[in-house]
Amino acid sequence: MKALIKPLLVIVGMIIIVIIVFNVNIWAGFGLIAAIIIFAAYTSRASLYALRGSREFAKGETPQALEWYKKAYNSKPCPDKHRIGYGYLLMRTGDAKQAEQVFGPLLKATKSRDTLVQAQCNLATAYWLQGKQDEAVALLTDVLKEYKNTLVYGNLGYFKILHGDPEEALTFNLEAYAYNGDDLTILDNVALNYYKLGQWTLAEETYQKLMLKSPKFAEPYYYYAQTLKQLGKTDEAIEQINLAATKTLSFVTPLTKEQIEQDALRLRALETDANNS
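Quick summary incoming for the structure in this document. This one's a predicted model, so the numbers in the text were calculated from it and none came from an experiment. (Residues numbered from 1 in each chain as written. Predicted model: local features only at pLDDT ≥ 70, side-chain atom pairs only at ≥ 80, totals over all residues. Heavy atoms only, no water.)

Some remarks on the overall build of the chain
Along its length, the chain carries 15 helices and zero strands. Put simply, 49% of the contacts in the chain that link residues at least 6 apart link residues at least 24 apart. Carbon together with sulfur atoms contributes 57% to the accessible area of the chain, which is approximately 15,700 Å² in total. (Helix = DSSP H or I, 4+ residues; strand = E, 2+ residues; numbered from the N terminus. Contact = heavy atoms within 4.5 Å. Areas by Shrake-Rupley, 256 points an atom, 1.4 Å probe, with all protein chains shown as cover.)

Have a look at this one:
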């Protein structure tokens, strides 16, 4: 409530000033309104650029979105959330080094705890994409010591699966699940962890819960298919890997579209052999 009082007082004050100026001279009043509009547009141009970038990204036009977010980033002042958006798009387009240069200064500049944690998670991802896995894990480990958060649990849990001991990773991901078992990323991490350890039944049970949340990336469908294959459920595995082929890969993944396609062919071949037996 207190955060709203100051802007409301500013608006009321401006209205009073406009009324006074109109009473003195009508043309001066119109001029003041025009000046206020121009000033507001100028000071909020970063948000306007970012809004245009968000629309382009929603349409799948990532390069155009990046250009608009770059304009937002170069506009001063640029709100923290748009700086994070720019860095994220840089990572999506393969420029993790430049993204690191965006997130690094933000850690020192922001006064918001939530923004700080979000920037730290993104910076860890930028490290990871540059091959600096140890730095990524160390950064998020330090963050979690200070501030337990679903986003940090999800990102660090995934990194631990890809980079470290799978048993240790499972212990961590089950801790994350106890913290927030409804989160899609955390649930996905637990399922993948069970898969990596060859605990097929537990992996299947967890993937069944995950699929109720309709994950948007290809990886869960692919690893669910591989789990079902291990359990001898070839028909269901084919159904899931076909879904994987229609989805986009996340940008932090060891999986490739070619691997999905090749494994889909192998599964279909298994089904054909079974039918011919």
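Read on, since the account is not over.
Remarks on the packing of helix α10 (residues 166-179) against helix α11 (residues 184-196)
Contact pair α10 / α11: the axes reach a minimum separation of 9 Å and the direction vectors enclose 150°. Here α10 lies roughly antiparallel to α11, going by the angle between them. Here the hand of the crossing between α10 and α11 comes out left-handed. Residues Pro166, Ala169, Leu170, Asn173, Leu174, Ala176 and Tyr177 of α10 lie in contact with α11, whose contacting residues are Ile186, Leu187, Asn189, Val190, Asn193 and Tyr194. Residues that form the contact of α10 with α11 fall into these classes: ten nonpolar, three polar and no charged. (Axes fitted to C-alpha atoms, helices over the stretch in contact; angles between N-to-C directions. Parallel < 35°, antiparallel > 145°, perpendicular 65-115°, else oblique. Left-handed = near helix turned anticlockwise from the far one by under 90°. Nonpolar A, V, L, I, M, F, W, Y, C, P; charged D, E, K, R; others polar.)

Here we look at the layout of surface pockets
One number sums up the size of the largest pocket: a volume of about 900 Å³. Taken together, 31 residues line the largest pocket, and the ones lying closest to its centre are Asn155, Thr185, Phe217, Ser250 and Phe251. Of all the secondary structure elements, the ones that give two or more residues to the lining of the largest pocket are α5 (80-92), α7 (113-129), α9 (150-162), α11 and α13 (218-230). With seven residues, α9 is the largest single contributor of residues to the lining of the largest pocket. For the lining of the largest pocket, the residue count by class is 17 nonpolar, nine polar and five charged. (1 Å grid on protein atoms, 1.4 Å probe; cavity = no way out; pocket = protein on both sides within 12 Å on 5 of 7 lines; lining within 4 Å. Points joined across faces, edges and corners; volume = space filled by probe spheres on them.)

Considerations on helix α4 (residues 62-74)
Working note: α-helix, 3.6 residues per turn, so residues spaced by three or four point in the same direction. A rise of 1.5 Å per residue sets the reference length of α4, with its 13 residues, at 18 Å; its end C-alpha atoms lie 18 Å apart and thus fit the reference within 8%. In this structure, the buried side of α4 is in contact with α3 (45-58), α5 and α6 (96-109). (Expected span 1.5 Å × (residues − 1).)

What to know about unusual backbone geometry
A cis amide bond links lysine 76 to the next residue, proline 77, at an omega of 0°. Residue position: proline 77 is located in the loop between α4 and α5. The phi angle at serine 214 is positive, at roughly 50°, despite the residue not being glycine. Residue serine 214 is classed as exposed on the basis of its relative accessible area of 53%. (Buried < 20%, exposed > 50% of the residue type's maximum accessible area, 1.4 Å probe, protein only.)

Overview of the side chain of asparagine 149
Considering the arrangement of structural elements, one finds asparagine 149 in the loop between α8 (133-146) and α9. A relative accessible area of 16% means that asparagine 149 is categorised as buried. From its side chain, asparagine 149 meets the backbone nitrogen of valine 152 in a polar contact 3.2 Å long. (Polar contact = N/O pair within 3.5 Å; in protein donor to acceptor, adjacent residues only side chain to side chain.)

Quick word on the packing of α5 against α6
Direction vectors running N to C along α5 and α6 enclose 160°, while the axes themselves pass 8 Å from each other. By the criterion of interaxial angle, the relationship of α5 to α6 is roughly antiparallel. In the packing of α5 onto α6, the handedness of the crossing is left-handed. Counted together, Asp80, Arg83, Ile84, Tyr86, Gly87, Tyr88, Leu90 and Met91 of α5 and Ala96, Gln98, Ala99, Val102, Phe103, Pro105, Leu106 and Ala109 of α6 form the full contact between these two elements.

Points about the environment of glycine 181
The topology assignment puts glycine 181 in the loop between α10 and α11. Since its relative accessible area comes to 22%, glycine 181 is described here as partly exposed. Each C-alpha atom, one on glycine 181 and one on threonine 150, is 9.7 Å from the other, the two residues being 31 residues apart in sequence.

A word on α5
Under the 1.5 Å per step criterion, the end-to-end length of α5 is 19 Å for 13 residues, consistent within 8% with the ideal 18 Å. In this structure, the buried side of α5 is in contact with α3, α4, α6 and α7. Trailing α5 by a residue or two, glycine 94 shows a phi angle of about 90°, which is positive.

Functional significance is not addressed by these values, which are geometric in nature.
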